Amino acid sequence: MNNELATLPHNRPKKRHMLTEGRALFELGTTSLLMPLLMQAPRGDKHPVMVLPGFLASDISTKPIRTFLKMKGYKSYGWGLGRNLGTHIVGGQHIVSDQLLNKVIELHVKYDKKVSLVGWSLGGILAREIARAIPDCVRQVISLGSPFNGPQGSAPVAAKMFQLINGDLNQREPHAAKRIIPPPEVPSTAIFSRSDGVAHWQSCINSNEHLHSLSENIEVKGSHMGLGHNSQVLWIVANRLAQTEGKWQPFRQKTLHKILYPNPDRA
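What this report covers is the structure whose coordinates are included nearby. (Residues numbered from 1 in each chain as written. Predicted model: local features only at pLDDT ≥ 70, side-chain atom pairs only at ≥ 80, totals over all residues. Heavy atoms only, no water.)

## Some thoughts on the pattern of salt bridges
Piece 1. For the structure on display, the rule yields five salt bridges.
Piece 2. Ionic pairing is found between aspartate 45 and arginine 139, a salt bridge with its closest N-O pair at 3.0 Å. Here aspartate 45 is found in the loop between helix 3 (24-38) and strand 1 (48-52), whereas its partner arginine 139 is found in strand 6 (residues 138-144), with 94 residues between them in sequence.
Piece 3. A relative accessible area of 37% means that aspartate 45 is categorised as partly exposed. (Salt bridge = Lys/Arg side-chain N within 4 Å of Asp/Glu carboxyl O. Helix = DSSP H or I, 4+ residues; strand = E, 2+ residues; numbered from the N terminus. Buried < 20%, exposed > 50% of the residue type's maximum accessible area, 1.4 Å probe, protein only.)

## Details of the pairing of strand 1
Piece 1. Most of strand 1 is tucked away: five of the five residues are buried.
Piece 2. A two-sided burial pattern is seen for strand 1, the buried positions comprising Pro48, Met50 and Leu52 on one face and Val49 and Val51 on the other.
Piece 3. Chirality of the crossover, the property in question, places the unit of strand 1, helix 4 (residues 63-71) and strand 2 (residues 75-78) among those that are right-handed.
Piece 4. Pairing of strand 1 with strand 5 (residues 115-120) involves four bridges; the strand directions are parallel. Each bridged residue has a counterpart across the sheet, and for valine 51 the counterpart in strand 5 is valine 118. (Right-handed = clockwise from strand over helix to strand, strands pointing away. Pairing = 2+ DSSP bridges.)

## A closer look at the packing of aromatic side chains
Piece 1. Counted according to the given criterion, the structure contains three aromatic pairs.
Piece 2. Both rings, one in phenylalanine 192 and one in tryptophan 201, keep their centres 5.6 Å apart while their planes meet at 25 degrees; by these two values the pair is stacked.
Piece 3. Since its relative accessible area comes to 18%, tryptophan 201 is described here as buried.
Piece 4. Against the face of phenylalanine 148 rests arginine 128, its NZ or CZ located 3.5 Å from the ring centre.
Piece 5. Note that arginine 194 overlies the ring of tryptophan 201, its terminal NZ or CZ placed 4.1 Å from the centroid. (Phe/Tyr/Trp six-rings, centres within 6.5 Å; stacked < 30°, edge-to-face > 60°. Lys NZ or Arg CZ within 6 Å of the ring centre and 35° of its normal.)

## Things to note about the packing of helix 3 against helix 10 (residues 231-241)
Piece 1. Two elements in contact, helix 3 and helix 10, have axes separated by 10 Å at closest approach and are oriented at 30 degrees. By the angle class used here, helix 3 and helix 10 are roughly parallel. Note that helix 3 runs across helix 10; the crossing there is right-handed. For the pair helix 3 and helix 10, the contacting residues are Thr31, Leu34, Leu37 and Leu38 in the first and Ser231, Leu234 and Trp235 in the second.
Piece 2. Tallied by class, the residues present in the contact of helix 3 with helix 10 amount to five nonpolar, two polar and no charged. (Axes fitted to C-alpha atoms, helices over the stretch in contact; angles between N-to-C directions. Parallel < 35°, antiparallel > 145°, perpendicular 65-115°, else oblique. Left-handed = near helix turned anticlockwise from the far one by under 90°. Contact = heavy atoms within 4.5 Å. Nonpolar A, V, L, I, M, F, W, Y, C, P; charged D, E, K, R; others polar.)

As structure tokens, then:
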């Protein structure tokens, strides 16, 4: 833990990346064009998957990825708790609210299978803490641009809005920021983009990855606002979720870009 704390990043996203977050719309169009190729991604085994939205977003924002996962054979669900205002970070023993934990437990009981969690931005932080609190109910966690590895990793506007709604969590729960840094004891994939305009990429990766055999970091190209429908992200998520339970292996598909962009002139 001490080694991880020593490497905490304190960088904010670059302004030029923040100003180009509008490319998320182009990424959505690209994904639509590439859908025939994306449907060649590995199919699932019908286990339940919950997708948690980012800060200020709701289940509407995660509909594209949930629809894709349904087409790939999963029981795909939103979190069903309205807009994510950060109020489900409550501190204490489990950091996240009992209401959120119960949502995952209900899916686990309904299907008698462990639930995979996909969390976008703040949703990824929540997903990791759910897995930390109830690991017996969680199959794996995939975070998309989630700044869990450093309290200073978010854009100033987002950080101020979060504090306006929830107060200063670092002051109220001084140990919480340290507790969320190590990955939970389930397979954990952190997807990040170096051109993320909302969360600095270094705050979105597992530090000292070599110390955690069930964690990994995977880089994609794209905006923060487009991570939930980015073609590379969709392929990677499908690949990760399709692994046999108990036989998780790090992502090693080096030909991903060639699969999604077979014509280099159109990449």
